[in-house]
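Listed below are the residues making up each chain.
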Amino acid sequence: MKIKSIKIKNFIGIKEFNYNPSGKLNILKGKTGGGKSSVLEAIEKAFSNTGRRTELIRHGEDEATIYIETDTGLEIDRKLREGKADYFKLRQQGEGIKSTESELRKFIKGDIFRPLD
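About the criteria used
- Residues numbered from 1 in each chain as written.
- Predicted model: local features only at pLDDT ≥ 70, side-chain atom pairs only at ≥ 80, totals over all residues.
- Heavy atoms only, no water.
- Pairing = 2+ DSSP bridges.
- Helix = DSSP H or I, 4+ residues; strand = E, 2+ residues; numbered from the N terminus.
- Salt bridge = Lys/Arg side-chain N within 4 Å of Asp/Glu carboxyl O.
- Buried < 20%, exposed > 50% of the residue type's maximum accessible area, 1.4 Å probe, protein only.
- Contact = heavy atoms within 4.5 Å.
- Axes fitted to C-alpha atoms, helices over the stretch in contact; angles between N-to-C directions.

1. Quick notes on the pairing of strand 5 (residues 87–92)
Stage number 1. In this sheet, strand 5 lies alongside strand 4 (residues 74–81) in antiparallel orientation, the contact comprising six bridges. For Lys79, the partnering residue across the bridge sits in strand 5 and is Tyr87.
Stage number 2. Following strand 4, the chain reverses through five residues before pairing antiparallel with strand 5; Gly83 in that reversal takes a positive phi of roughly 75°.
Stage number 3. The pairing of strand 5 with strand 6 (residues 95–96) spans two bridges and is classified as antiparallel. Residue pairing in the sheet places Arg91 in a bridge with Gly96 of strand 6.
Stage number 4. Two successive antiparallel strands, strand 5 and strand 6, enclose a turn made up of two residues, where Gln93 displays a positive phi of approximately 55°.

2. Some words on the pattern of salt bridges
For side chains bearing opposite charge, pairing can occur when the charged atoms are close.
Stage number 1. Enumeration according to the criterion identifies four salt bridges in this entry.
Stage number 2. We note a salt bridge from Glu41 to Arg53, for which the minimum N-O separation is 2.7 Å. A residue pair is termed long-range when its members are at least 10 positions apart, and Glu41 in helix 1 (residues 36–48) and Arg53 in the loop between helix 1 and strand 3 (63–70) qualify at 12 residues.
Stage number 3. Arg53 sits in the partly exposed class, given a relative accessible area of 39%.

3. Quick look at the sheet that holds strand 2 (residues 14–19)
Stage number 1. A sheet is described by the order of its strands in space; here six strands give the open sequence 2-1-3-4-5-6, paired in antiparallel fashion. Edge positions in the sheet fall to strand 2 and strand 6, since each has one partner strand and no second.
Stage number 2. Sheet topology places strand 1 (residues 3–11) next to strand 2; five bridges connect them, and they run antiparallel. The residue of strand 2 that forms the bridge with Ile8 is Phe17.
Stage number 3. Across the sheet, helix 1 lies against strand 1, strand 2, strand 3, strand 4 and strand 5, angled at about 105° from strand 1, the strand it touches most.

Following this line, the structure appears as structure tokens:
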């Protein structure tokens, strides 16, 4: 499974990030504080619902969004909200999946997905 599209808004220091990886190898590069690690943390949060930081919503905002679409038709849509329950929707080929967290656990076994380690 490969990420086909990723959209991040108001997550940690990222105001808005839209990316459609195209090759077998994609490299994130930029200056210190440019958001490279934040992109990896967003991917980790989308797939595992774990966060390394206590504050994930960009300062001054009340909602952060992470949307990922894979080449297999899997769509992950997470909204982290201040003062409200988070929103989470998982779809496969456009059809909603009821047992969302357990479905994601099929992709990530134990501690395999640790993009920052």
